[in-house]
Amino acid sequence: MTRTGFRRTFVALSVCSLALTACGSNDDDSASGKTRITVNCMPPKSAKVDRKFFEADIAAFEKKNPDIDVVAHDAFPCQDPKTFDAKLAGGQMEDVFYTYFTDAKHVVDISQAADLTPYVKELKSYDTIQQQLRDIYTVDGKIYGVPRTGYSMGLIYNRALFEKAGLDPDQPPATWDELRADAKKIAALGNGTIGYADYSAQNQGGWHFTAELYSQGGDVVSEDGKKATVDTAQGHAVLQNLHDLRWTDNAMGSKQLLVINDVQQLMGSGKLGMYLSAPDNIPILVKEKGGNYKDLALAPMPGGQGTLIGGDGYMFNKKDTPAQIRAGLKWLDHMFLTPGDGFLGDYARAKKNDAPVGLPEPRLFTGAADAKDQQVKKANANVPVENYQAFLDGNQSLKMKIEPPNAQQIYSVLDGVVSAVLTKKDADIDQLLKDASGKIDGILARG
C-alpha cells in the first residue's frame, strides 16, 4: 500500500509524459560518447523545494559523471496502478523506474526487469542496505532491483489528549486491550473526541486489517502464498477488537467508512487519540492538517508480535544496455544511497528549508552506514525526536513482514470485512472471515 509522503512533506510521485517522448529507451547515446538514462519519480513543479533539490542533485551527478546524461520524468503519481502494467507491456517504461515493494516479483514474473546480478557489485552501497529489504528484489537468487526507502507501521497518538484523559503520554498502549482502555478514556472526554480511528474503504481497511493481523502474530496468506490464513484465531481477534472498540466501548465515533484523509483531518484537528500509520504521516499532520509536532508521538504496533513493512525502490528496464545499468546504479548511489547525503539524506539542506528532520524512518542502512546516517540526522533534527523513542525501541523486537502477494485485490476483499464490522453491530465475524478466506483463495489461485 502506498504511504502518504513522497519524501518528507508530501506525496509527489511520477509518470512520464508520452506526448513528447517515450519513457523507456535502449538508445544509450553511445554515438555521442555519453550513456543516456531515463529515470522517473522526480517531484512535480508544484513541489518547488523538492523539485529544486532533485534537479540540483542530478546536475551534481552529471558534473561528477560527464559521460552520463540523466533525463528525469515527473508527474503524479510515480507509479499509477492503472497504467503501470500497460507501460511495461508497451515498452514505455523508463530505463530506471520506481516500484513499490509489492510489485517486485510481479515485474520479474512478466519478464520486464533487467537482471542486475552481474552488476550490483558496482553499487557501492548495496551491502550496507538491510538484508530483508534487499531480499524483496531478489527472485530465485537473482537481483532485480534496489531498495530506496523502507517503512514500518506504528501507532500515532496525541500526547495532549492522553494527558487530558489522565493517561501517561510516555506510556503508550503496548497491547490491544490497553489500547481499548485508553481509547475509551479519550472518547469519554466528549465534544466529538474519538479514541481510536481506523480505515475501512478504498482498500485501506484491508491494508490496516493486515497490519493488525501481523501485530497479533497472524498472516494473510500461507508461507507458500497459495492459501488464505485470515480465518484463524488471530483474524477473529482483529475483528472482535474492532467490533468492541466501535460498539462496546463507543471509542471510534459514529462515522465510519473512513479513509486516510478523514483520519488525518481528525488527528490534525486534535479530535483523535490514536490511529495506525507510518512515521511519514507526522509531517503531513503538521504541514497540512493543523497538528503540532510536540503533541504527536509514535509507538510500536500494539500486540508485540509483528508489524507491516513497505517501501519502494528502483528496477531496470529489460531493454537496458550494460552501460545503462551501470549508469543507473551510479545514479542510485548518488541520489538515494549515500548515508547523510543526496536527495533523501542531506539533512542539513532539508533543515535549512524547513523540512522535518529527525523522524525515525526510513531506516535503510545497517552497521557503519546506518550509524553515519543517524548521526547526521540527529545533528540536524528539528522535530521532538524523544516522541518517537518508544517506536524505535519497540520495533527491535517485532517481526517485520511485507505486504501479501496480490495485495490490492486481497485488501479489496478485506475492506468489506472491516467495513461490515464497523457499520453493523450484529455482523457475523465467523462468516465474514470464512467468506473472505474463500475469495482470497480464488485470487491466489488465479495468480
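Quick caveat: nothing in here was measured; it's all calculated off a predicted structure. (Residues numbered from 1 in each chain as written. Predicted model: local features only at pLDDT ≥ 70, side-chain atom pairs only at ≥ 80, totals over all residues. Heavy atoms only, no water.)

K.L.:
What is the right way to read the pattern of salt bridges from this model?
P.N.:
For side chains of opposite charge, pairing can occur when their charged atoms come near one another. Overall, the coordinates contain 17 salt bridges when judged by the stated rule. Its salt-bridge partner being Asp74, residue Arg51 comes within 2.8 Å of it at the nearest N-O pair. With Arg51 in helix α1 (residues 48-64) and Asp74 in strand β2 (residues 68-74), this pair connects stretches of sequence that are 23 residues apart. A salt bridge links Arg180 to Asp249; its shortest N-O distance comes to 2.7 Å. Within this pair, whereas Arg180 is found in helix α6 (residues 176-187), its partner Asp249 is found in the loop between α8 (233-248) and α9 (260-268), the two being separated by 69 residues in sequence. Given the relative accessible area of 9%, Asp249 is considered buried. Here the salt bridges do not stand alone but share partners, grouping Arg51, Glu55 and Asp74 into one network. (Salt bridge = Lys/Arg side-chain N within 4 Å of Asp/Glu carboxyl O. Helix = DSSP H or I, 4+ residues; strand = E, 2+ residues; numbered from the N terminus. Buried < 20%, exposed > 50% of the residue type's maximum accessible area, 1.4 Å probe, protein only.)

K.L.:
Please explain the packing of aromatic side chains as it appears in this structure.
P.N.:
Aromatic rings considered in pairs are described by the distance between their centres and by the relative angle of their planes. For the structure shown, the criterion picks out 13 aromatic pairs. Aromatic pair Phe54 and Trp331: ring centres 6.3 Å apart, planes at 65 degrees, arrangement edge-to-face. Taken together, the residues Phe54 in helix α1 and Trp331 in helix α11 (residues 322-335) connect sequence positions 277 residues apart. The class of Phe54 is buried, set by a relative accessible area of 0%. According to the relative accessible area criterion, Trp331 is buried, its value standing at 0%. (Phe/Tyr/Trp six-rings, centres within 6.5 Å; stacked < 30°, edge-to-face > 60°.)

K.L.:
Teacher, can you tell me more about a negative patch on the surface here?
P.N.:
On the surface, a cluster of negative charge is made up of Asp231, Asp426, Asp428, Asp430 and Asp435. Mapped onto the elements of the fold, Asp435 is located in helix α17 (residues 429-446). For Asp435, a relative accessible area of 38% corresponds to the partly exposed category. (Patch = residues over 30% accessible without salt bridge, like charges linked within 9 Å, V, L, I, M, F, W, Y side chains within 5 Å. Areas by Shrake-Rupley, 256 points an atom, 1.4 Å probe, with all protein chains shown as cover. Lys, Arg positive; Asp, Glu negative; His and termini not counted. Charge placed at Lys NZ, Arg CZ, Asp CG, Glu CD.)

K.L.:
Looking at this model, I keep getting lost on the pairing of strand β10 (residues 296-300). Mind explaining?
P.N.:
Within a regular beta strand, the side chains point alternately toward one face of the sheet and then the other, so they alternate between its two faces. When you tally the buried positions in β10, you get five out of five residues, the bulk of the element. Burial along β10 is two-sided: the face carrying Leu296, Leu298 and Pro300 and the face carrying Ala297 and Ala299 are both buried. The sheet contact formed by strand β7 (residues 154-158) and β10 spans five bridges and is antiparallel. From the neighbouring strand, Leu155 faces β10, where its bridge partner is Ala299. (Pairing = 2+ DSSP bridges.)

K.L.:
Is there a simple way to think about the state of the cysteines in this case?
P.N.:
A covalent bond bridging the sulfur atoms of two cysteines is what the word disulfide describes. If you walk through the whole model with that rule in mind, you get one disulfide. Cys41 shares a disulfide with Cys78; S-S distance 1.9 Å. What sets the handedness of the Cys41 and Cys78 disulfide is the S-S torsion sign, and at about 85 degrees it is right-handed. Residue Cys41 is located in strand β1 (residues 35-42), and its partner Cys78 is located in the loop between β2 and α2 (84-89); the two are separated by 37 residues in the primary sequence. For the pair Cys41 and Cys78, one class covers both residues: buried. (Disulfide = S-S within 2.5 Å.)

K.L.:
Mind showing me how you'd approach the confidence of the model for the chain here?
P.N.:
Should pLDDT be low for a region, the predicted coordinates there are not to be read in detail. Across the chain, pLDDT averages 91, with 93% of residues at or above 70. Low pLDDT, under 50, characterises residues 2-23; the stretch is placed with 97 contacts to residues that sit more than four places away or in other chains. (pLDDT = per-residue confidence, 0-100. Contact = heavy atoms within 4.5 Å.)

K.L.:
What is the right way to read unusual backbone geometry from this model?
P.N.:
Excluding glycine, residues mostly carry a negative phi; peptide bonds, for their part, are mostly trans. At Asp354, a position not held by glycine, the phi torsion is positive, near 60 degrees. With respect to the element layout, Asp354 can be found in the loop between α13 (347-352) and α14 (367-379).

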